[in-house]
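Breakdown of the fold
Now for the letters of each chain:
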Amino acid sequence: MKNYKRLLKYMRPYMKQFALAVICIIMAAAANLYLPWIIKDMIDKVLADKDMQMLYLICGGIVVVFLLRGIFFYGQSYLVSYIGQKVIIDVREVMFRKFQRMPMAYFDRHQTGETMSYITNDVQAIQSALVDQLIEMVTEGSILIGSIVFMFVLDWKLSLLTLIVIPLVGQAMKVFGRKLKRNGTVIQERLADITSLLQESISSIRVVKSFVREQYEIDRFIRQNNLNFQAAMKNVQLTSLLTPSVEFLAAISVTVIIWFGGYEVINGYMTAGALVAFLTYAVNLANPVKRLSRVYGNLQRAMAAVDRVFAVIDLKETIQDKPDAKVLPETKGSVVFDHVSFGYKEGQLALKDVSLEAKPGQMIAFVGPSGAGKSTIANLIPRFYEVTEGAIRIDGFDIRDVTVASLREQIGIVPQETMLFSTTVRENIRYGRLEATDEEVEEAARAANADVFIRELPKGYDTEIGERGMNLSGGQRQRMAIARAILKNPRILILDEATSALDTESEKIVQAALDRLMVGRTSFVIAHRLSTIFAADQIYVIDGGQVLEQGTHEELLKKGGLYSHLYSIQFGGEKT
Ligand SMILES: Nc1ncnc2c1ncn2[C@@H]1O[C@H](COP(=O)(O)OP(=O)(O)O)[C@@H](O)[C@H]1O
Ligand SMILES: [Mg+2]
């Protein structure tokens, strides 16, 4: 319930609407309570005493009451839904902001589908918790309390007798509620499992098809789907049991009223009208108890989602600006790794005591077997991850002492595979610098050897790119990435196997664009093909997260270590 209070905090901006909504709800509920009094007057005064004036009063009363009830009902639905929708978009925004700010390490550990499910399904559950359940709770709560008060006014002895059964019902609710909450969590988790399975299997459909694993995926899906079914049915079983149990208890209390009330009317302690009115209240009482118990179950289930939402909102952003973080001034581009160690997981180092230095404008290359830690070094420069030991300095500033934004603004990255957004070619390039003019975008594209192919697209720069840039080739996508980087114009550049997914032909074009991009910038180049790094100012040979050798191409060849070995593999042993 602590989280429900927190959820209510999100309603604070809508307090005025909320107050009005509660008034509407209570007034609409009060209209329900008025009916049994009409019945009482009808029996005791109109039917028994033949009071004509009372008859007109009652008829007029009914019309007015129902008219008002309609108006208040409209007000309650409209206002509460308004608040619910507002809160939902607020919470969604908070969550989206959170995910945008979460460090890379979070996304390494969590699947995309899971994250999406939080923002869509779980936030939707908040809507249910706030809107539907809140209306029900206040409505039925008012009816319940109002009915009990009126019942005591009518006959307190009979009321006491009736209310003996209420604690019994309450106890039953508690037991079921606990089970429902536990089961609600299971259902949501199963649903999230299905979403991530869907996400994974559909986005990897190429892999699935190339391995002819359609049936395998279908079987996997059937298993997940069945698990969801079992959890859902468990829930159905619980909710289906809940209603008849509560109703049975209510029926017993009605029997008690008829027996004792009938006895009182026969002995003249109570009028017939009062008994009928009492009975009506008592029957109405069964409804709010029943509905409140359902609200309770629904709330428990919604709260499981609310708990998850707040768990996300409370996630720690491990990579944050220090309170006194400075803005990194425009860098000259000197980058120093000072005895840096780093592990993705605790106690498991991916980099051990790496020291290196890049002077402004230099080209630094990393070579080494796959899994050596080359990309890890590259990931640390924009502070995607925090070093475990040692420090990285840019122009003498420890990168932990400057704002993340000012650091990343000055670093351009061209990864092995480029993600494009499903918008136009122009907007995709402009992602590098949002305020760039159309001319600047096209100029960047020209420098990236991309202008020609873009102009050949159906709508040129205004061609919409399909999801993940599906309708562009790898080489075209890389050139878009280079154009982005050119537009960003960073002092420091990271090229992480930017050409390794390309065929020889497009590699040449992309490499030419990269060479142009690197001029005048400090560049870190991870290359699978040594020919692209012969000219590097320093080459670091990485293996097992450590620097094995370092030097220029010639120096390393002379050493006769791992580099010259790699070289002889790639160039068939011939020496230059
Ligand atoms: N996001 C990650 N989470 C956990 N471990 C990782 C992650 N990325 C890489 N690693 C591990 O760190 C080591 C170095 O990987 P990486 O730097 O990608 O190698 P390279 O780029 O040289 O091929 C490998 O053992 C790899 O499994
Ligand atoms: Mg790599």
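These numbers were taken from a predicted model, which means no experiment stands behind them.

Analysis parameters
Residues numbered from 1 in each chain as written. Chains lettered and ligands numbered in written order. Predicted model: local features only at pLDDT ≥ 70, side-chain atom pairs only at ≥ 80, totals over all residues. Helix = DSSP H or I, 4+ residues; strand = E, 2+ residues; numbered from the N terminus. Rg over C-alpha atoms; globule rule 2.2 N^0.38 Å. Buried ≥ 20, exposed ≤ 12 C-beta atoms within 10 Å, placed from the backbone. Contact = placed C-beta atoms within 7 Å. Domains from an automatic or database assignment. Near = placed C-beta within 6 Å. Arc of directions from axis to C-beta. Pairing = 2+ DSSP bridges. Axes fitted to C-alpha atoms, helices over the stretch in contact; angles between N-to-C directions. Expected span 1.5 Å × (residues − 1). Bend = angle between axes of the 7 residues up to and from the residue.

Glancing now at the overall build of the protein. The number of helices and strands found in the protein is 19 helices and 10 strands. Its C-alpha atoms give the protein a radius of gyration of 35 Å, clearly above 25 Å, the size a compact globule of 576 residues would have. Overall, the protein is about 120 × 50 × 45 Å in size when its C-alpha atoms are taken along their principal axes. Counting every position in the protein, which comprises 576 residues, the buried fraction comes to 33%. For the protein, long-range pairs separated by at least 24 residues make up 80% of all intrachain contacts whose partners lie at least 6 apart in sequence.

Turning our attention to the domain arrangement of the protein. Structurally, the protein comprises domain 1 (2-313) and domain 2 (419-489). The C-alpha centroid of domain 2 is placed 51 Å from the C-alpha centroid of domain 1.

What follows deals with the site of ligand 1. Inspection of the region around ligand 1 gives Asp108, Tyr344, Ala350, Gly368, Ser370, Gly371, Ala372, Gly373, Lys374, Ser375 and Thr376 as its neighbouring residues. Here the shell around ligand 1 takes three residues from helix 11 (residues 374-380), the largest share from any one element.

What follows is about helix 6 (residues 156-163). Turning to helix 6, its buried residues number three or more, namely Leu158, Ser159 and Thr162. Taken end-on, helix 6 shows its buried residues confined to a sector of 100 degrees, consistent with a single buried face. Counted as exposed and oriented over 90 degrees from the buried face of helix 6: Trp156 and Leu160.

Reading across from one edge, 6-7-8-3-9-10 is the order of the six strands in this open sheet, with mixed pairing throughout. Pairing within the sheet leaves two strands with one partner each, and these edge strands are strand 6 (411-414) and strand 10 (546-551). Taking the axes of each pair of neighbouring strands and ignoring which way they run, one obtains an average angle of 20 degrees across the sheet. Where strand 3 (residues 363-367) meets strand 8 (residues 522-526), four bridges bridge the pair, whose relative direction is parallel. Across the sheet, residue phenylalanine 366 finds its bridge partner in strand 8, namely isoleucine 526. Most of the contacts of helix 16 (residues 474-488) go to strand 6, to which it runs at about 175 degrees, and overall it touches strand 6 and strand 7 (492-496).

Pairing is antiparallel across the open sheet formed by four strands, whose spatial order is 2-1-4-5. The sheet terminates laterally at strand 2 (351-358) and strand 5 (397-398), the two strands that pair on one side only. Relative to strand 5, strand 4 (residues 389-394) runs antiparallel, the two being bridged by two bridges. Paired with arginine 393 across the strands is aspartate 398, a residue of strand 5.

With that out of the way, let us pick up the pairing of strand 4. Bridge analysis of strand 1 (residues 335-342) against strand 4 gives five bridges, and the strand direction is antiparallel. Across the sheet, residue aspartate 338 finds its bridge partner in strand 4, namely alanine 391. In sequence, strand 4 turns back onto strand 5 through a hairpin of two residues, with aspartate 395 there showing a positive phi of about 50 degrees.

As paired strands, strand 1 and strand 2 are joined by five bridges and run antiparallel to one another. Looking at strand 2, one finds that valine 340 is bridged to valine 354.

In this model helix 5 (residues 112-154) runs 61 Å from its N-terminal to its C-terminal C-alpha over 43 residues, within 8% of the 63 Å that 1.5 Å per residue would give. Within helix 5, the axis deviates most sharply at glutamine 133, by approximately 35 degrees.

Phi at aspartate 353 is positive, roughly 50 degrees, even though this residue is not glycine. By the secondary structure assignment, aspartate 353 is in strand 2. Despite not being glycine, arginine 383 has its phi angle at roughly 60 degrees, a positive value.

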